[in-house]
Amino acid sequence: MTTVSAALQLLFEIATSWWTVGFLASFTALAYHWTTATFGYWRDRGVPYVRPTVPLFGNIGSRALGTEHQARMFGRIYDAFRGHRYVGMYQMRTPHLLVCDPALVNRVMIGDFAHFTDHGIHTDGPEENPLANGLFKMRGAKWKVMRQKLSPVFTAGKLRHMRGQVAACSEQLMRNVAADVPATGGPIEVRDVLGKYSTDVIGTCAFGLQLNAISDEHSEFRRNGKAVFQPSFRMLIKDLIWLISPALRRAIRVSDYPQEVVQFFTAAFTDTMRYRQEHGLVRDDLVQSLIQARTDLVVNKTEPSVTFLETDIVANAFALFAAGFETVSTAMSFCLYELALKKPIQDKVREEMNATKIKHSGEINDEFLKELHYLEMVLAETLRKYPPLITLIREATKDYQVPDDTLVIEKGTKVLIPAYAIHHDYRYYPDPETFDPERFSPEEKVKRPNGTYMPFGDGPRLCIGKRFAEMEMKLALTELLTKYEVEPCDKTDIPMRFNRKSLLIAPENGIWLKFKPINTAN
């Protein structure tokens, strides 16, 4: 009896183990099929493509693991297919078309914009994140209506009105720099200093708020604003989940931003607008435009074909605040970094500023800013070498027949424009790693095709605050460079290293520079 029982037990264990092995094998086969099922998309359409190397991750395993900055990753793909009009790739399971040809880039962003009106970026629902649906993420008619409501804030007349407010922030910036720098000069982490400045500028000009972030080390606006762009494991995971499956991301409710940040900015902007309305305060700024947009679109529903919610108004306040401080402060920081390493260029910028000041009797007005032509070239070269976004994304909103080609870009396809890679293509910018403002002289600019320079995007979805950002940078840099020489110091990274965890172009160790008062410079 014992022998029979043992035999039966053995048979049961074998059967069980085979069932286990079979189950695991079936599960593995199904998982492999699901994670690679989309990987034939470009092959089936005859598109040159990067062969996916890892199931699920497609072509972005190095980015997902944080071993390669995405600027390098996209640059590597772009270089491998140099000369092709486009190349297919996979971000996780999602097929993306990388458009490399400037003429086709120009069609996507401008000429045939009607086929690519949306950025195609996942947006949380208002119940998950009231700040999610800003102008950058809005789609179709909703984007168009909101853009029309907000654009008047950035007209030449409104910018002229804001210039004095920006100048006041620049003066406070200089007082703080003077307090931090000894008479013989000293090092400063410029990205942090300029981040506080740009926080105050956007707070004052757009929202009528005296944030005092420049002088307040504990500014809540500055602390929460930094948290939005701080690289984190949560940010990486939510982006990767979206690329695996938007439905999966919606199901597990991974928010764009930390909950405490959402609560802070929702309360801050809601309270600001409510206070204005309750006290009858009317100012010529962004908040006033948002209040009017709320009255027209949410209360009176003047655009019945599109539904706007209260959260759409708050989300756009937040989106313009966030865009207004991080990208501007980073661009100015990279500009100072390059000028510190290229003293002849720095001296030439300063000479232009001083000569123009004398011409205008020391008054920094609209005409003064317009005549800083060499500074404009320096800023353009800074944004070429360090564009805020590594890629620009569009989604085909209808089928698109690529001109002079058999390819039809199907509705819903994600289209990427590799801005960083194009900006570093030697065919358009010889010796691209060298900082050379002369690339943007009138004579040189006309030699390049359209679709090769896009730090602010291009076409109808060009950055709405472009002119405001340029004014802000010119004013701050004029104040700094006419009073200080900037030099590298022991903490300066040479060459510059990017933070591999950041989705933007951001320095790995900050940007440390020595500031030397002009009156003591030798």
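The rules behind the values
- Residues numbered from 1 in each chain as written.
- Predicted model: local features only at pLDDT ≥ 70, side-chain atom pairs only at ≥ 80, totals over all residues.
- Heavy atoms only, no water.
- Helix = DSSP H or I, 4+ residues; strand = E, 2+ residues; numbered from the N terminus.
- Buried < 20%, exposed > 50% of the residue type's maximum accessible area, 1.4 Å probe, protein only.
- Contact = heavy atoms within 4.5 Å.
- Areas by Shrake-Rupley, 256 points an atom, 1.4 Å probe, with all protein chains shown as cover.
- Pairing = 2+ DSSP bridges.
- Axes fitted to C-alpha atoms, helices over the stretch in contact; angles between N-to-C directions.
- UniProt positions renumbered as here; feature names shortened; annotations may be inferred.
- 1 Å grid on protein atoms, 1.4 Å probe; cavity = no way out; pocket = protein on both sides within 12 Å on 5 of 7 lines; lining within 4 Å.
- Points joined across faces, edges and corners; volume = space filled by probe spheres on them.
- Domains from an automatic or database assignment.
- Salt bridge = Lys/Arg side-chain N within 4 Å of Asp/Glu carboxyl O.
- Expected span 1.5 Å × (residues − 1).
- Phe/Tyr/Trp six-rings, centres within 6.5 Å; stacked < 30°, edge-to-face > 60°.

S.K.: Which residues make up the overall build of the chain, and what are the values?
M.R.: Broken down by element type, the chain carries 20 helices and nine strands. The burial tally for the chain puts 55% of its 522 residues in the buried class. Taking the intrachain contacts of the chain between residues at least 6 apart in sequence as the baseline, contacts between residues at least 24 apart amount to 74%. Here the chain has roughly 23700 Å² of accessible surface; of this, 58% comes from carbon and sulfur atoms.

S.K.: Give a detailed account of the sheet that holds strand 7 (residues 414-417), specifying residues and quantitative values.
M.R.: If you trace the four strands from one edge of the open sheet to the other, you get 1-2-7-4, paired in mixed fashion. Strands at the two margins of the open sheet, each flanked by one partner only, are strand 1 (86-91) and strand 4 (392-395). Here the average twist between neighbouring strands, direction ignored, is 30°. Relative to strand 7, strand 2 (residues 94-99) runs parallel, the two being bridged by three bridges.

S.K.: Break down the UniProt feature "binding site: heme" (unreviewed entry) in the chain for me, citing the residues and quoting the values.
M.R.: When the UniProt feature table is mapped to this numbering, "binding site: heme" (unreviewed entry) covers Cys463. Relative to the helices and strands, Cys463 is located in the loop between helix 19 (442-445) and helix 20 (466-483). For Cys463, a relative accessible area of 33% puts it in the partly exposed group. Dropping the residues within four chain positions of it, Cys463 is found in contact with Arg147 and Phe456.

S.K.: Explain the sheet that holds strand 8 (residues 484-488) to me, and be specific about the residues and the numbers.
M.R.: Paired through backbone hydrogen bonds, the strands of a sheet run either parallel or antiparallel to each other. An order of 3-9-8 is seen for the three strands of this open sheet, with the pairing classed as antiparallel. The outermost strands of the open sheet, each flanked by one partner alone, are strand 3 (186-189) and strand 8. Across the sheet, the mean angle separating the axes of adjacent strands is 40° when strand polarity is ignored. In this structure, strand 8 lies alongside strand 9 (residues 512-517), joined through five bridges in antiparallel fashion. Paired with Tyr484 across the bridge in strand 9 is Pro517. Contacts between helix 14 (residues 310-341) and the sheet are confined to strand 8 and strand 9, with strand 8 contributing the most and set at about 80° to the helix.

S.K.: So what's going on with the layout of surface pockets? Which residues, and what values?
M.R.: Its volume calculated, the second largest pocket comes out at about 1000 Å³. If you trace the second largest pocket, you find 35 residues lining it, with Glu376, Lys445, Lys466, Glu470 and Lys474 closest to the centre. Mapped by element, the contributors of at least two residues to the lining of the second largest pocket are helix 7 (156-180), helix 16 (366-370), helix 17 (373-385), helix 19 and helix 20. For the lining of the second largest pocket, the two domains that each supply at least three residues are domain 2 (62-121 + 390-453) and domain 3 (131-362 + 455-521).

S.K.: How would you explain the pattern of salt bridges if you had to name every residue and give the values?
M.R.: Counted by the stated rule, this structure contains 38 salt bridges. Between Asp112 and Arg107 there is a salt bridge whose closest N-O contact spans 3.1 Å. Measuring nitrogen to oxygen at the nearest pair gives 4.0 Å for the salt bridge that ties Arg139 to Asp118. You can see Arg139 sitting in the loop between helix 5 (102-111) and helix 6 (140-150) and its partner Asp118 sitting in the loop between helix 5 and helix 6, a full 21 residues away along the chain.

S.K.: Account for helix 7, naming residues and giving values.
M.R.: With 25 residues, helix 7 extends 35 Å between its outermost C-alpha atoms, agreeing within 8% with the 36 Å of an ideal straight helix rising 1.5 Å per residue. Buried within helix 7 are the following residues: Leu159, Met162, Arg163, Val166, Cys169, Ser170, Leu173, Met174, Asn176 and Val177. In this fold, the buried residues of helix 7 make contact with strand 3, helix 8 (190-207), helix 16, helix 20, strand 8 and strand 9.

S.K.: Which residues make up the packing of aromatic side chains, and what are the values?
M.R.: The full count for this structure, using the stated rule, is 21 aromatic pairs. Judged by centre distance (5.1 Å) and plane angle (50°), the ring pair of Phe39 and Tyr90 falls under tilted. Of this pair, Phe39 sits in the loop between helix 1 (2-36) and helix 2 (41-44) while Tyr90 sits in strand 1, and the two are 51 residues apart along the sequence. For Phe39, a relative accessible area of 12% corresponds to the buried category.

S.K.: Residue-level account of empty space enclosed by the protein, with values.
M.R.: Considering all chains together, one arrives at four cavities of 30 Å³ or more under this definition. Together, Arg191, Glu326, Thr327, Thr330, Ala331, Phe334, Tyr386, Pro387, Pro388, Leu504 and Ile505 line the largest cavity. With five residues, the single largest contributor to the lining of the largest cavity is helix 14. Space inside the second largest cavity adds up to approximately 40 Å³. As for the second largest cavity, its lining consists of Leu173, Val177, Ile188, Val190, Val193, Leu194, Leu336, Leu480 and Phe515. Of all the elements in the fold, those that place two or more residues in the lining of the second largest cavity are helix 7 and helix 8. Among the elements that take part in the lining of the second largest cavity, helix 8 stands out by supplying three residues, more than any other.

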